[in-house]
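The chain contents come next:
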Amino acid sequence: MKPSKVKRAIHDEAAPRPRTFTRAVETGDRYAFLDSFRGLAVILVVATHVLDYTQMPQDLKTSITFWVQAIAVPPFFLADGFLCLWKLERNDKVTYGAYLRRSAGRLLVPWMLFSLVYAVFRWIFEEADPSAQPVIKGQSPAGVASAIYYSAVSAQLYFLPALFLLRCALPLTRSLAKADPLMLVGVWSGYVIVWQAVDLAQYFEQGLDPVLNACWGMQYYLLGMVLFRYRALAHTYAAMLSVASGAVLVLLKWLVPVAGLFQQYGYLFFALFAFMSLQGRDPIFAGLGRYTMEIYLLHAPIPLKAASLVAGRAMESTSVLYYVTVTVLTFLVAYAAAVLLRRKAAAGLVFGSAS
């Protein structure tokens, strides 16, 4: 292919996609491969939080940590960046105020509701167990607010305000949506380099600060935007890209163990393109992907604590079997609760209406 044709083909990725692509991966208002990707991610989120309840040997826990943590949260940022450009393509007239109101209903309202509920449960737990670390009990109103802000009452909640902060950058997102696709690739690559070079964590009091995590998640949000601009090309070669990414992951994991960033992205691309090549034909992950918000909010701390107590009666917390059992029990309870609560009239308010 001549250089001029190569350039034209790349730039054509920014144009609206033909219906052949749309029918293949998009159903109604959803992209099937994103549902599958998020379905896997929410399982990994649960598995990540279960690690804190185990006492496995440190080398074993470290090995497991990479496989469950490396791509647990990034898919949610990536999917949101992808869908933001999709929405702008369908309706570029959306106003900033309306977008933020919908995003607040989707993210900030559930964050506050679940933070308050989990703060009450934490207080009850601390009253019942004097040896528990005081997170809520005896704290001033400012101390309670700080515990909520830093997700001390439930470790997964930081993600919601972090994602809201990224959505606040809609004017920037809108500008990037109109930019040359190659420029967008450059912006994403540059951001990853800057993030790796600058230790922003030193400027924040705690690691679960939503602002810090918004800065971290921006690299995946931008990647989702890049994927949207090249979605037809990525879909065409998805199987090949998944195999290549998996091969790179294996080589780096065992031959260059210090290349953590490239291992993570190899893992991320392997799973992403695998689900894209399946086009939503995996019934398990695709189905779970429709309940990720509910499972994410519900799985900890209550179901997780209950599952750990039940499993602890039958096996040692040092075993892999204990870890797997607690993960499965926690996930099943959260999923069952998600399905039941979705049917209630107030579910849209509690879990946030899709925005």
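The rules behind each value
Residues numbered from 1 in each chain as written. Predicted model: local features only at pLDDT ≥ 70, side-chain atom pairs only at ≥ 80, totals over all residues. Heavy atoms only, no water. Helix = DSSP H or I, 4+ residues; strand = E, 2+ residues; numbered from the N terminus. Rg over C-alpha atoms; globule rule 2.2 N^0.38 Å. Buried < 20%, exposed > 50% of the residue type's maximum accessible area, 1.4 Å probe, protein only. Contact = heavy atoms within 4.5 Å. Areas by Shrake-Rupley, 256 points an atom, 1.4 Å probe, with all protein chains shown as cover. Lys, Arg positive; Asp, Glu negative; His and termini not counted. Charge placed at Lys NZ, Arg CZ, Asp CG, Glu CD. Patch = residues over 30% accessible without salt bridge, like charges linked within 9 Å, V, L, I, M, F, W, Y side chains within 5 Å. Salt bridge = Lys/Arg side-chain N within 4 Å of Asp/Glu carboxyl O. Axes fitted to C-alpha atoms, helices over the stretch in contact; angles between N-to-C directions. Parallel < 35°, antiparallel > 145°, perpendicular 65-115°, else oblique. Left-handed = near helix turned anticlockwise from the far one by under 90°. Nonpolar A, V, L, I, M, F, W, Y, C, P; charged D, E, K, R; others polar. pLDDT = per-residue confidence, 0-100. Phe/Tyr/Trp six-rings, centres within 6.5 Å; stacked < 30°, edge-to-face > 60°. Lys NZ or Arg CZ within 6 Å of the ring centre and 35° of its normal.

1. Digging into the overall build of the protein
Each helix and strand in the protein was counted, giving 19 helices and two strands. Taken against the 2.2 N^0.38 rule, which gives 20 Å for 355 residues, the C-alpha radius of gyration of the protein at 21 Å falls within 12% of a compact globule. Counting only C-alpha atoms and orienting by the principal axes, one finds that the protein spans roughly 75 × 50 × 45 Å. By the burial criterion, 48% of the 355 residues in the protein qualify as buried. A fraction of 82% describes how many contacts in the protein between residues 6 or more apart in sequence connect residues 24 or more apart. Roughly 17400 Å² of accessible area belongs to the protein as shown, and the carbon and sulfur atoms make up 67% of that amount. Counting 31 positive and 20 negative side-chain charges, the protein places the centres of these two groups 10 Å from one another.

2. As for unusual backbone geometry
Along the chain, A300 connects to P301 via a cis peptide bond; the corresponding omega equals 5°. Mapping P301 onto the fold places it in the loop between α16 (292-298) and α17 (302-312). Not every positive phi belongs to a glycine, and S151 is a case in point at roughly 60°.

3. Digging into a nonpolar patch on the surface
Residues W67, V250, L251, W254, L255, V256 and V258 make up a contiguous nonpolar surface patch of roughly 750 Å² in combined accessible area. Tallying contributions element by element places helix α13 (residues 238-255) first for the nonpolar patch, with four residues. Its place among the elements puts V250 in helix α13.

4. Some words on the packing of α17 against helix α18 (residues 320-342)
Viewed as axis vectors pointing N to C, α17 and α18 meet at an angle of 140°, and their least axial separation amounts to 8 Å. The angle between α17 and α18 places the two elements in the oblique class. Helix-helix and strand crossings are classified by hand; for α17 and α18 the assignment is right-handed. Within the contact between the two elements, α17 uses P303, L304, A307, S308, V310, A311 and G312 and α18 uses Y322, T325, V326, L329, T330 and V333. Residue composition of the contact of α17 with α18, grouped by class: nine nonpolar, four polar and no charged.

5. Some points on the packing of helix α5 (residues 74-90) against helix α11 (residues 210-229)
Between α5 and α11, the shortest axis-to-axis distance is 7 Å and the interhelical angle comes to 50°. Compared by their axis directions, α5 and α11 come out oblique. The crossing of α5 and α11 is right-handed. Of the residues in α11, those in contact with P74, F77, L78, D80, G81, F82, C84, L85, W86 and E89 of α5 are N213, W216, G217, Y220, Y221, L223, G224, M225, L227, F228 and R229. Of the residues contributing to the contact of α5 with α11, the split by class is 14 nonpolar, four polar and three charged.

6. Brief notes about the pattern of salt bridges
Evaluated as defined, the whole model comprises seven salt bridges. A salt bridge links R231 to E89, with the nearest nitrogen and oxygen atoms 3.2 Å apart. Taken as a pair, R231 in helix α12 (residues 231-236) and E89 in helix α5 lie far apart in primary sequence, 142 residues in all. On the basis of relative accessibility, which here comes to 38%, the residue E89 falls in the partly exposed class. Between D92 and R174 there is a salt bridge, and its shortest N-O distance comes to 3.4 Å. Taken together, the residues span a long stretch of sequence, with D92 in the loop between α5 and α6 (96-128) and R174 in helix α9 (residues 170-177) at a distance of 82 residues. For D92, a relative accessible area of 33% corresponds to the partly exposed category. What emerges from the salt-bridge pattern is a single network uniting D92, R174 and K178.

7. Some remarks on the confidence of the model for the protein
For the protein, the mean per-residue pLDDT works out to 90, and 90% of the residues sit at or above 70. Ignoring residues within four places in sequence, the model shows residues 1-24, a span with pLDDT below 50, making 25 contacts including any to other chains.

8. A short note on the packing of aromatic side chains
In this structure the tally under the stated criterion is 25 aromatic pairs. Arranged with centres 5.8 Å apart and planes meeting at 90°, the rings of F77 and W216 form a pair that is edge-to-face. Residue F77 is located in helix α5, and its partner W216 is located in helix α11; the two are separated by 139 residues in the primary sequence. When sorted by exposure, F77 lands in the same class as W216, which is buried. Ring-pair connections join several aromatic residues into one group, and the members of that group are F76, F77, F159, W188, W216, Y220, Y265, F269, F273 and Y296. Of note, K253 hangs over the ring of F66, and the distance from its end group to the ring centre comes to 3.8 Å.

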